[in-house]
Amino acid sequence: MRLRATAAATLVVALALGVVALGLVLVLRGSLERSADAAAVRKAAEAVPYAKTLSVMDAHKVTKPVIGLRPAQKAEPHGEPPAGAQSTRELIYANDGTVARIADPDVMVTKARPAPAAAVEWAEPGEYAIAGVKVSTEAGPAMVWSRVSLASAEDALNTLYGALLPGMPAVLVVVAGMTWFSVGRALAPVAAIRAKVADITARDLHQRVPVPDSRDEIAALATTVNATLDRLETAVGTHKRFVADAAHELRSPIATLRARLELAERSELTQEALADVERLQSLAADLLMLAKLDAGEPPRTTELDLGQVAAEESLRGRRRPDVRVELDVEPDVVMKGSRAHLDRLVTNLVDNAVRHAASTVRVAVRAEGDQAVLEVADDGPGIPQEHREAVFDRFTRLDEARARDAGGAGLGLPIARDIAALHDGTLVYEDAGFIARFPLTPG
């Protein structure tokens, strides 16, 4: 949008400057040409009184000296004589018998007829502004022609071109820069709103986007987004409370049902019912844990040895008898965290690895730089590259063909990742298995 606005503004200004520059050139050219025409008219009018004292006749008609008249010598102005002066066939006679000297090379006197070829050569079109005034002489009517050079007009236009050619691109660069800067400042609140909305997740719906003080449409947009976040936070909070309340309320009847099944007479039916109850009990516990994690409750943290937590939780509980759990734990890998949460993370990762392992599960803890690393790997088939992020989605089970009692509900890995994130850590699956990283405690 910023680029489009800058391009549009620059194009509009370029068109406007082009039209203005063209109009300015045309107006200036017309004004200069009119001024030259007026100067030529004034010059011709000023020469009229002098021209009335002259007598103009064709040279070939003068066969003998005219009484009282003598041929006038050619004018001797400063500089070169006017073009065509030598080719004209008219001669100028002074009626008082004296020599007539024409001092202005830009004035010509001819008979009263259209300008001859000599006059056209004398004032070439496009280079001079020419004016003619009819006068009466003793020899008959004549024409006084004057010319004014258009060189000064061309010089003025060239000066204008020299200012416009570099000036217009410079103005366009300034307009583009100012537009880019102004639109960027105008869109800065939008960028801040977008960044904040992109950063808000289901866990931190309490955050709000910044509302600028501009009191314009962008401020109204920010206010609307905050109102939407308020409603979303209320809806999600209601959903979380429902899940937590449901899971909490299910724990007591499930526990009672399990106790009754354990005390009942052993049979195939009671064994299957007990397995289902155990799954219900585990599912209720997972839902309750998710509800607590989603609520964003800060855990009670303390310094603990990650290797000790991993060793104790890896060897606890019922495991498959045909799967061996190996430990490779470095001592004194100390981090700050919640023991209950980390116990749950290790348990979920090890249970998942045991469920899919062929014969061996390896649990390793080590320090890498400023990070504590927990690695849980198994010798099972592994997770395909395209599913390595999907396994962290809730209720995701890649092996749909396995029995429901053999597989989990699809909540163990999402819970483990949420616990890692709660401790400012990460949990990913790599070629070797699941790897969790946490900040080490300094010292």
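What counts, and where the lines are drawn
- Residues numbered from 1 in each chain as written.
- Predicted model: local features only at pLDDT ≥ 70, side-chain atom pairs only at ≥ 80, totals over all residues.
- Heavy atoms only, no water.
- Pairing = 2+ DSSP bridges.
- Helix = DSSP H or I, 4+ residues; strand = E, 2+ residues; numbered from the N terminus.
- Axes fitted to C-alpha atoms, helices over the stretch in contact; angles between N-to-C directions.
- Contact = heavy atoms within 4.5 Å.
- Left-handed = near helix turned anticlockwise from the far one by under 90°.
- Nonpolar A, V, L, I, M, F, W, Y, C, P; charged D, E, K, R; others polar.
- Patch = residues over 30% accessible without salt bridge, like charges linked within 9 Å, V, L, I, M, F, W, Y side chains within 5 Å.
- Areas by Shrake-Rupley, 256 points an atom, 1.4 Å probe, with all protein chains shown as cover.
- Salt bridge = Lys/Arg side-chain N within 4 Å of Asp/Glu carboxyl O.
- pLDDT = per-residue confidence, 0-100.
- Polar contact = N/O pair within 3.5 Å; in protein donor to acceptor, adjacent residues only side chain to side chain.
- Core = buried A, V, L, I, M, F, W, Y, C linked by side-chain atoms within 4.5 Å.
- Buried < 20%, exposed > 50% of the residue type's maximum accessible area, 1.4 Å probe, protein only.
- Expected span 1.5 Å × (residues − 1).
- Bend = angle between axes of the 7 residues up to and from the residue.
- Phe/Tyr/Trp six-rings, centres within 6.5 Å; stacked < 30°, edge-to-face > 60°.
- Lys NZ or Arg CZ within 6 Å of the ring centre and 35° of its normal.

Here we have five strands laid out as an open sheet, ordered S7-S9-S10-S12-S11, and mixed in their pairing. Edge positions in the sheet fall to strand S7 (324-329) and strand S11 (426-430), since each of these pairs with one other strand and no more. Averaged over neighbouring strand pairs, the angle between their axes works out to 15 degrees when direction is ignored. Two strands pair when backbone bridges link them, and S11 and strand S12 (residues 433-439) are joined in this way by five bridges, in the antiparallel orientation. Looking across to S12, one finds that Tyr429 is bridged to Phe434. With respect to the sheet, helix H6 (residues 306-314) is in contact with S7, strand S9 (360-368), strand S10 (371-378) and S12, its orientation differing from that of S9 by roughly 170 degrees.

Attention now goes to the packing of helix H7 (residues 339-356) against helix H8 (residues 412-422). It is at 9 Å that the axes of H7 and H8 come closest, and there the two elements cross at 145 degrees. Two packed elements cross with a definite hand, and for H7 against H8 that hand is left-handed. Where H7 abuts H8, its residues His341, Leu342, Arg344, Leu345, Asn348, Leu349 and Asn352 lie against Gly412, Leu413, Ile415, Ala416, Ile419, Ala420 and Leu422. Considered class by class, the residues forming the contact of H7 with H8 number nine nonpolar, four polar and one charged.

Looking now at a nonpolar patch on the surface. A surface patch of nonpolar side chains, about 240 Å² in accessible area, is lined by Leu315, Leu327 and Val329. As for its placement among the helices and strands, Val329 is situated in strand S7.

One open sheet holds the three strands; their spatial order is S3-S5-S4, and the pairing between them is antiparallel. The open sheet is flanked by strand S3 (107-111) and strand S4 (128-137), the only strands paired with a single partner. Shown here is a sheet whose adjacent strand axes are inclined to one another by a mean of 25 degrees, direction ignored. Sheet topology note: the S3/strand S5 (residues 140-149) ladder contains five bridges and is antiparallel. Note on S5: the bridge partner recorded for Thr110 is Met143.

Attention now goes to the confidence of the model for the chain. Looking at the chain, the pLDDT average stands at 79 and 81% of residues meet or exceed 70. Scored below 50 in pLDDT, residues 59-91 makes 51 contacts in the model with residues more than four places away or belonging to other chains. Segment residues 93-101: pLDDT under 50, and 31 contacts once partners within four positions in sequence are set aside and those in other chains are kept.

Now for the environment of Asn226. Note on placement: Asn226 falls in helix H4 (residues 217-263). In this structure the C-alpha to C-alpha distance between Asn226 and Pro210, which are 16 residues apart in sequence, comes to 8.8 Å. Excluding anything up to four places from it in sequence, Asn226 contacts Arg208, Val209 and Val211. Within polar-contact distance, the side chain of Asn226 engages the backbone nitrogen of Val209 at 2.8 Å.

Within the largest apolar cluster, 39 residues are counted, with the highest numbers of intra-cluster contacts made by Leu345, Leu349, Val361 and Leu374. Of all the elements in the fold, those that place two or more residues in this core are helix H5 (268-295), H6, H7, S9, S10, H8, S11 and S12. In terms of residue count, H7 provides more of this core than any other element does, seven residues in total. Excluding residues that lie within four positions of it along the chain, Leu345 makes contacts with Leu374, Ala416, Ile419, Ala420 and Phe438.

Moving on, we come to helix H3 (residues 151-199). Here H3 spans 70 Å end to end across 49 residues, near enough to the 72 Å set by a 1.5 Å rise per residue. The sharpest bend along H3 reaches about 40 degrees and sits at Leu187, with the proline Pro189 one to four residues further on. Among the residues of H3, Ala153, Leu157, Leu160, Leu164, Val175, Ala176, Thr179, Val183, Gly184 and Ile193 are the ones counted as buried. In this fold, the buried residues of H3 make contact with helix H1 (2-51) and H4.

Turning our eyes to something else, we now look at the pattern of salt bridges. Side chains that differ in sign of charge can pair as their charged atoms come close. Taken as a whole and assessed by the stated rule, the structure comprises 14 salt bridges. In this structure, Glu312 engages Arg339 in a salt bridge whose closest nitrogen and oxygen atoms are separated by 2.3 Å. In this pair, Glu312 sits in helix H6 while Arg339 sits in helix H7, placing the two residues 27 residues apart along the sequence. On the accessibility criterion, Arg339 (30% relative accessible area) is partly exposed. A network of salt bridges, in which partner residues are shared, links Arg366, Glu368, Glu375 and Arg437.

Summed over all chains, the structure comprises two aromatic pairs. Relative to Phe434, the ring of Phe392 has its centre 6.0 Å away and its plane inclined at 90 degrees; by these criteria the two rings are edge-to-face. A residue pair is termed long-range when its members are at least 10 positions apart, and Phe392 in the loop between S10 and H8 and Phe434 in strand S12 qualify at 42 residues. No difference in accessibility class separates Phe392 from Phe434, as the two residues are buried. Ring plane angle 70 degrees and centroid distance 4.9 Å describe the contact between Tyr429 and Phe434, whose orientation is recorded as edge-to-face. Across the pair, exposure class does not vary: Tyr429 and Phe434 are buried alike. One aromatic cluster in this structure is built from Phe392, Tyr429 and Phe434. Above the ring of Tyr128, the side-chain terminus of Arg147 is found at 4.6 Å from the ring centroid. Lying over the aromatic face of Phe392, Arg417 brings its terminal NZ or CZ to 3.8 Å of the ring centre.

What follows deals with unusual backbone geometry. Phi is positive for Asp332, close to 60 degrees, though the residue is something other than glycine. Relative to the helices and strands, Asp332 is located in the loop between S7 and strand S8 (334-337). On the basis of relative accessible area, Asp332 is assigned to the exposed category, the value being 64%.

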